[in-house]
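# Understanding the architecture of this molecule
Each chain, written out:
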Protein chains: 2
Amino acid sequence: MTHSPRQEVTNKNKGEAAAIETELLRDYRFGQQQLIEIWGQACAIAITKAFPLSSLAKKQPTVLVICGPDQNGSIGLVCARHLRMYEYEPTIYHPQRSSQSLHQDFTVQCEKMDIPSLSYLPTEVQLINDAYNLVIDAMMGPDADCANIKEPYPGILVTLKQVKIPIASVDVPSGWDVEEASEDGIAPEVLISLTAPKKCARGFSGKHFLAGRFLPYDIQKKYELNLPDYPGTDCLLEL
Amino acid sequence: MTHSPRQEVTNKNKGEAAAIETELLRDYRFGQQQLIEIWGQACAIAITKAFPLSSLAKKQPTVLVICGPDQNGSIGLVCARHLRMYEYEPTIYHPQRSSQSLHQDFTVQCEKMDIPSLSYLPTEVQLINDAYNLVIDAMMGPDADCANIKEPYPGILVTLKQVKIPIASVDVPSGWDVEEASEDGIAPEVLISLTAPKKCARGFSGKHFLAGRFLPYDIQKKYELNLPDYPGTDCLLEL
């Protein structure tokens, strides 16, 4: 197969991101459980690339995974489970658990993998800096209304703005608008875009991964995603 | 983390294999959709390792994927979808489609990926030998009652016993008993064991992959699986 010359990946606005997901679920008959598993695993693999076990500053390969109440949080739970398989030591902070059975199932899978869970996030930032090598931000997804984030999330964002350890955000950094980076928001070192990068990722200067290999070619064409070729059997690549 | 010395992987009988799966679904709250996605992707990666694109005898990277009506068939469908992503050209032969919505969803995902489907299998074996580089046998799983296989599967097995291109079987070669290799059955060159190898895999002399990395440690211990360490982020390994 010949490859077309490398084009610029196009960044998507909120409506396009939602339309792609709707089409995947409705027309392509992907399941939510299936997509969350694919995305969560890709996030874990991105973490192993950005923060290999051998590169971690602390003796223990600890990672704090902060999970929101919705789909982004479910992806964080799957990411934590795979990280445990890859010999990291994730701890979950999951302040609001969804009543959705899918979200609960992913939670039980983590509990059954003996992944510890914090009952509250220390407000003293030094405790977080000392305990973990990095934080995974799986709180808000592209659906979040960032102008109306409700507690406990604003408090968590205040804490995350002060931590000195790196943050890796899933899809959209929490508190950012989907279409615009937040100047005074959290500043992740790593961003893992799911399916296609959102507009807020334009100009992102950290390590930027794209996890969208599963995407059917017709959707890629229809939405003019201009996705790059993924090497070998890799489920993600660094942009 | 220190690793215990390498022990022999234990091969499981039919009851043990079923008990592990029941426990994963009931107690660990894995979803069937999630497990099928994990297994199907692992099968596709095994095919890329056993039959790299660069090694294929034919000019086109064609693969025939024969899917049964139950879970093994669904895994074959997911495998075909991922192979398409990895730039193989799978064709599906899927003679009996399940009425189960999950199975139908996986079927639609393949159709939407433009993966062609045969309406019947040529009885003239040379046509199969000429058209494809290999056959993936995703017909019968460990649940199949191999003494009572109904048409069209016995006819397909007669054809597969005559093909000259290699066969890769998913979990249990179709027509074999879970606990015993079949002397006069099909003779796959590659076997991809899911979760844990079954007793029929003892003495298997072809390439043998194990796809079971996702398995929670407590289940590995409880069923004394003695699974080897998986390297890096690999979801499978060659035994």
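Being a predicted model, the structure only gives us computed values, none of them experimental. (Residues numbered from 1 in each chain as written. Chains lettered and ligands numbered in written order. Predicted model: local features only at pLDDT ≥ 70, side-chain atom pairs only at ≥ 80, totals over all residues. Heavy atoms only, no water.)

### A look at the sheet that holds strand β5 (residues 167–170) of chain A
Residue and element names in this part refer to chain A. Taken in spatial order, the 8 strands make up an open sheet running β3-β2-β1-β4-β5-β6-β7-β8, and their pairing is mixed. Two strands bound the open sheet, and with one partner strand each, they are β3 (117–118) and β8 (237–238). Judged from the 5 bridges that link them, strand β1 (residues 62–67) and strand β2 (residues 89–93) form a sheet pairing that is parallel. Bridging from a neighbouring strand, Val65 pairs with Ile92 of β2. Lying on the sheet, helix α6 (residues 153–162) is in contact with β1, β2, β4 (134–138) and β5; it crosses β1 at an angle near 150 degrees. (Pairing = 2+ DSSP bridges. Helix = DSSP H or I, 4+ residues; strand = E, 2+ residues; numbered from the N terminus. Contact = heavy atoms within 4.5 Å. Axes fitted to C-alpha atoms, helices over the stretch in contact; angles between N-to-C directions.)

### Overview of the pattern of salt bridges
For the coordinates displayed, the defined rule picks out 18 salt bridges over all chains. Note that Asp218 of chain A is salt-bridged to Lys221 of chain A, the shortest N-O span being 4.0 Å. Pair noted here: Asp218 of chain A and Lys221 of chain A are both in helix α7 (residues 217–222), with a separation of 3 residues, about one helical turn. Given a relative accessible area of 36%, Asp218 of chain A falls into the partly exposed group. One salt bridge connects Lys222 of chain B with Glu23 of chain B, and the closest N-O pair in it is separated by 2.9 Å. One end of the pair, Lys222 of chain B, is in helix α7 (residues 217–222); the other, Glu23 of chain B, is in helix α1 (residues 14–26), with 199 residues separating them in the sequence. Residue Lys222 of chain B is classed as exposed on the basis of its relative accessible area, which comes to 52%. Its relative accessible area of 8% is what places Glu23 of chain B among the buried residues. (Salt bridge = Lys/Arg side-chain N within 4 Å of Asp/Glu carboxyl O. Buried < 20%, exposed > 50% of the residue type's maximum accessible area, 1.4 Å probe, protein only.)

### Here's the deal with the packing of aromatic side chains
All chains considered together, the criterion is met by 4 aromatic pairs over all chains. Plain terms: the ring middles of Trp39 of chain A and Phe214 of chain A are 6.1 Å apart, the flat faces sit at 80 degrees to each other, and that makes the pair edge-to-face. Of the two residues, Trp39 of chain A is situated in helix α2 (residues 32–50) and Phe214 of chain A in the loop between β7 (207–211) and α7; the sequence distance between them amounts to 175 residues. With 5.8 Å between their ring centres and 75 degrees between their planes, Phe30 of chain B and Phe214 of chain B make a pair best called edge-to-face. Of this pair, Phe30 of chain B sits in the loop between α1 and α2 (32–50) while Phe214 of chain B sits in the loop between β7 (207–211) and α7; the two residues are 184 residues apart in sequence, bridging distant segments of the chain. According to the relative accessible area criterion, Phe30 of chain B is buried, its value standing at 4%. (Phe/Tyr/Trp six-rings, centres within 6.5 Å; stacked < 30°, edge-to-face > 60°.)

### Focus: the relation of the copies chain A and chain B
Note on the identical chains: chain A maps onto chain B by a rotation of 180 degrees and an axial translation of 0.0 Å, with an RMSD of 0.0 Å. The relationship between the two copies is best expressed as a two-fold rotation axis. Nearest to the rotation axis, the C-alpha of Gln34 of chain A is located 2.6 Å from it, this being the minimum over chain A. Comparing contact sets, 100% of the residues at the interface of chain A also lie at the interface in chain B, consistent with an isologous, same-surface contact. (Least-squares fit on C-alpha atoms with pLDDT ≥ 70 in both.)

### A look at the sheet that holds strand β4 (residues 134–138) of chain B
Residues and elements named next belong to chain B. On the basis of which strands lie adjacent, the open sheet formed by 8 strands has the order β3-β2-β1-β4-β5-β6-β7-β8 and mixed pairing. On the outer flanks of this sheet lie β3 (117–118) and β8 (237–238), each paired with one strand and no other. Where strand β1 (residues 62–67) lies against β4, 5 bridges are found, and the strand directions are parallel. From the neighbouring strand, Val65 faces β4, where its bridge partner is Ile136. Contacting β1, β2 (89–93), β4 and β5 (167–170), helix α6 (residues 153–162) runs over the sheet at an angle of about 150 degrees to β1.

### Regarding the interface of chain A and chain B
The partner chain B presents 36 residues to the 36 residues of chain A that form the contact. Taken over both partners, the interface formed by chain A and chain B buries close to 3400 Å², and the fraction arising from carbon and sulfur atoms is 52%. The interface formed by chain A and chain B holds 2 salt bridges in total. Here Arg29 of chain A ties to Asp105 of chain B by a salt bridge, and the two come within 2.4 Å at their closest N and O atoms. In this structure, the connection of chain A to chain B is made through 14 residue pairs in polar contact (both at pLDDT 80 or more). Secondary-structure elements contributing two or more residues to the side of chain A that touches chain B are α2, α3 (71–85), α4 (101–112) and α7 of chain A. Counting residues per element, the side of chain A that touches chain B draws most heavily on α2 of chain A, at 8 residues. (Buried area = accessible area lost by both parts, 1.4 Å probe. Polar contact = N/O pair within 3.5 Å; in protein donor to acceptor, adjacent residues only side chain to side chain.)

### Side note on the UniProt feature "domain: YjeF N-terminal" (unreviewed entry) in chain A
Taking the UniProt record as the reference, the feature "domain: YjeF N-terminal" (unreviewed entry) is found at residues 17–227 of chain A. With 37% helix and 15% strand, the stretch residues 17–227 of chain A has end C-alpha atoms that lie 14 Å from each other. (UniProt positions renumbered as here; feature names shortened; annotations may be inferred.)

### Section: the pairing of β1 of chain B
The element β1 of chain B is extensively covered by neighbouring structure, given that 6 of its 6 residues are classed as buried. You can see the chain leave β1 of chain B, run along helix α3 (residues 71–85) of chain B and come back into β2 of chain B, and the turn it takes is right-handed. (Right-handed = clockwise from strand over helix to strand, strands pointing away.)

### Details of empty space enclosed by the protein
Rolled over the atoms, a probe sized like a water molecule indicates the empty space that remains. Enumeration over the complete set of coordinates arrives at 4 cavities of 30 Å³ or more. Estimates place the volume of the largest cavity at around 140 Å³. Taken together, Glu37, Ile38, Gln41, His82, Met85 and Tyr86 of chain A together with Glu37, Ile38, Gln41, Arg213, Phe214 and Cys235 of chain B make up the lining of the largest cavity. For the lining of the largest cavity, the elements supplying multiple residues, two or more each, are α2 and α3 of chain A together with α2 of chain B. Of the residues belonging to the lining of the largest cavity, the class tally is 6 nonpolar, 3 polar and 3 charged. Space inside the second largest cavity adds up to approximately 120 Å³. Lining the second largest cavity are 15 residues, and of these Ile38, Phe214 and Cys235 of chain A together with Gln41 and His82 of chain B sit closest to its centre. Those elements that provide at least two residues to the lining of the second largest cavity are α2 of chain A together with α3 of chain B. At 4 residues, α2 of chain A tops the list of elements feeding residues into the lining of the second largest cavity. Looking at the lining of the second largest cavity, its residues break down into 8 nonpolar, 5 polar and 2 charged. (1 Å grid on protein atoms, 1.4 Å probe; cavity = no way out; pocket = protein on both sides within 12 Å on 5 of 7 lines; lining within 4 Å. Points joined across faces, edges and corners; volume = space filled by probe spheres on them. Nonpolar A, V, L, I, M, F, W, Y, C, P; charged D, E, K, R; others polar.)

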